[in-house]
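# Breakdown of the fold
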Amino acid sequence: MWLTNAQGWALAGAYVVVVLALLSALVYLYYERRKLRALQQTLTEKQHEEN
Amino acid sequence: MKKTKWIVGSLVIVAVVVALSLLKLDDNIVYFYTPREVFAPDLDVWGKNIKIGGMVKVGSVQKDMADMRLTFVMTDFKGHDIVVQHRGTPPDLFKEGQGVVTEGYFDRTQKTMQSHTLMVKHSEEYRVPHDTEMQNKELLIKSILGN
Amino acid sequence: MRAEFAAWRWGLALFALQLVGWGWGLYGVGTDVHQGDVYRIIYVHVPTCLTAFVCAFYLFLCSVYALRKKTEACLLWGQAAAELGLLFTVLGLLTGSIWGRVTWGVWWTWDARLLTTFILGVLFAAYLLLQQALPRGAAKTKASAALGILIFIDVPIVYKSVTWWRTLHQPPSIGGGTMSGEILTLLLITILSSLLFMTWLLFARVKNLRLQQRIAELVSDWH
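Residues numbered from 1 in each chain as written. Chains lettered and ligands numbered in written order. Predicted model: local features only at pLDDT ≥ 70, side-chain atom pairs only at ≥ 80, totals over all residues.

### Here we look at the overall build of chain C
Of the regular secondary structure elements, chain C holds six helices and zero strands. Mapped from its N terminus to its C terminus, chain C presents α and β elements in the order α-α-α-α-α-α. Summarising its shape, the C-alpha atoms of chain C cover approximately 65 × 40 × 25 Å along the three principal directions. For chain C, with 223 residues in total, the buried portion stands at 52%. Long-range contacts, defined here as pairs at least 24 residues apart, represent 79% of the contacts in chain C between residues at least 6 apart. (Helix = DSSP H or I, 4+ residues; strand = E, 2+ residues; numbered from the N terminus. Buried ≥ 20, exposed ≤ 12 C-beta atoms within 10 Å, placed from the backbone. Contact = placed C-beta atoms within 7 Å.)

The structure is reproduced here in structure tokens:
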């Protein structure tokens, strides 16, 4: 690949930003789902206890 | 609710931003003038910060390294030549035969442009080296001078 | 639950598909005679921008549905579509800015293309703020739907801006016959894989939002 220093940083930077952003979105959704499921679990258990 | 105040405030800011943007659009709808347009006597360009787009005339580029001054001729290939003087290093893609948009102050009598911002305008062509089809120079000229 | 689209395996597979496309974009496909290797930003810049447009289209579908059926069932999809629309618009503007700094020589300029795209991002943000600001009800559903339709109206304006007006940004490359076959092919592949991944994100996010809603109902039932 023929790139000047600036061009190399630009190319790498653009790809890194996009890959990290999309990966973060995926990871965020994963941890959000885990947290929500745990919360749902706790609440349904509590409800059954009450009943 | 305190939260509502923040949200409504943000929406107001958003509305203001959109309004300002649309005003800016009105200004920049004509993003640059062509060399022919700036020579038209009824266009008031004296003392105004304007943008002019054209092609870098081959053989016209002069670099003064000591002063960091760049001089070249911007043309539309129809006889409307402008001598552009720019302080600073040009973008990587700047070269003879390239499309440019300069921003600064134009002197119609001297046919010169004092440019503080020099931008390269490239065409929409993307070609690999071994592509046998001729590289389309007309595309670039059309995108700057044709609209 | 039987295998559904929101399952993690799909997310990982579609993300991996994008990585393969980008790997080829960086090391496989030929270089450009005009810009050199920095042109390869195209394989992240164009897909993110077009994906943002499709988010606006999803939001538009939700909005029309909400208005016709007078239901708020679609609001969760609208929320997710607007979030993703904002994300992809920001990514499009960032990659474009980086690319512009190297080719045009400036990080930003207010030409019609950049300005209308910026407005698109602001509108997505406004939609999300609206969801937070208004209480559930017919007013919220109607206002959201109206904004959702307005956002979609900006999309053809953004696309056509480089044709209708004089801009720094060049005219569209796709459909103009101005790209070598291998560049165009890879570009279409990266666009498609971006759209697929975004659609997966949409389904996954809606699933989370539904869970959140169910939890809120559980809490209010309980009290």
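### So, the packing of helix α2 (residues 42-69) of chain C against helix α6 (residues 181-222) of chain C
The packing of two helices is summarised by the inter-axis angle and the distance between the axes. Residues and elements named next belong to chain C. Running from amino to carboxyl end, α2 crosses α6 at an angle of 45°, the nearest separation of the two axes being 8 Å. Taken as axis vectors, α2 and α6 run oblique relative to one another. Handedness of the crossing formed by α2 with α6: right-handed. In contact with Ile 42, Tyr 43, Val 46, Pro 47, Thr 48, Leu 50, Thr 51, Val 54, Cys 55 and Tyr 58 of α2, α6 contributes Leu 186, Leu 187, Thr 190, Ile 191, Ser 194, Leu 195, Met 198 and Leu 202. Taken together, the residues of the contact of α2 with α6 break down into 14 nonpolar, four polar and no charged. (Axes fitted to C-alpha atoms, helices over the stretch in contact; angles between N-to-C directions. Parallel < 35°, antiparallel > 145°, perpendicular 65-115°, else oblique. Left-handed = near helix turned anticlockwise from the far one by under 90°. Nonpolar A, V, L, I, M, F, W, Y, C, P; charged D, E, K, R; others polar.)

### Regarding the environment of Lys207(C)
Residues and elements named next belong to chain C. Among the structural elements, Lys 207 can be located in helix α6. Judged by the 20 C-beta atoms lying within 10 Å of it, Lys 207 is buried. Between the C-alpha atoms of Lys 207 and Tyr 159, which are 48 residues apart in sequence, the distance is 31 Å.

### Here we look at the interface of chain C and chain B
Listed per partner, the contact involves 39 residues of chain C and 38 residues of chain B. Looking at the side of chain C that touches chain B, the elements that each hand over two or more residues are α3 (75-103), α4 (112-133) and α6 of chain C. Counting residues per element, the side of chain C that touches chain B draws most heavily on α4(C), which supplies eleven residues. Its residues assigned to classes, the side of chain C that touches chain B shows 22 nonpolar, 13 polar and four charged.

### Things to note about the nonpolar core
Proteins that are soluble and globular tend to have nonpolar side chains buried together. Core analysis: the biggest nonpolar cluster contains 99 residues, and Ile41(C), Cys55(C), Ala56(C), Leu59(C), Ala81(C), Leu84(C) and Ile151(C) have the highest contact counts within it. Those residues in contact with Leu84(C) that sit more than four places away from it in its chain are Cys55(C), Met198(C), Leu201(C) and Leu202(C). (Core = buried A, V, L, I, M, F, W, Y, C linked by C-beta atoms within 7 Å.)

### A few points about helix α5 (residues 138-164) of chain C
Taking 1.5 Å as the rise per residue, α5(C) with 27 residues should run 39 Å; its terminal C-alpha atoms sit 38 Å apart, in good agreement. Within α5(C) the residues assigned to the buried category are Thr141(C), Ser144(C), Ala145(C), Leu147(C), Gly148(C), Ile151(C), Phe152(C), Asp154(C), Val155(C), Val158(C), Ser161(C) and Val162(C). (Expected span 1.5 Å × (residues − 1).)

### Notes on the environment of Ala204(C)
With respect to the helices, strands and loops of the structure, Ala204(C) is situated in helix α6. The class of Ala204(C) is buried, set by 24 C-beta atoms lying within 10 Å. Separated by 174 residues in sequence, Ala204(C) and Gly30(C) place their C-alpha atoms 36 Å apart. Leave out the neighbours within four places in its chain, and Ala204(C) touches Leu29(A), Ala6(C) and Gly11(C).

### Focus on the pairing of strand β5 (residues 99-107) of chain B
Residues and elements named next belong to chain B. Where strand β1 (residues 49-56) and β5 come together, seven bridges link them in antiparallel fashion. Looking across to β5, one finds that Ile 52 is bridged to Thr 102. Hairpin geometry of β5 and strand β6 (residues 112-120) is characterised by an intervening segment of four residues between the two adjacent antiparallel strands and by a positive phi of about 60° at Lys 111. (Pairing = 2+ DSSP bridges.)

Remember that the coordinates give geometry; whether it matters functionally is a separate question.
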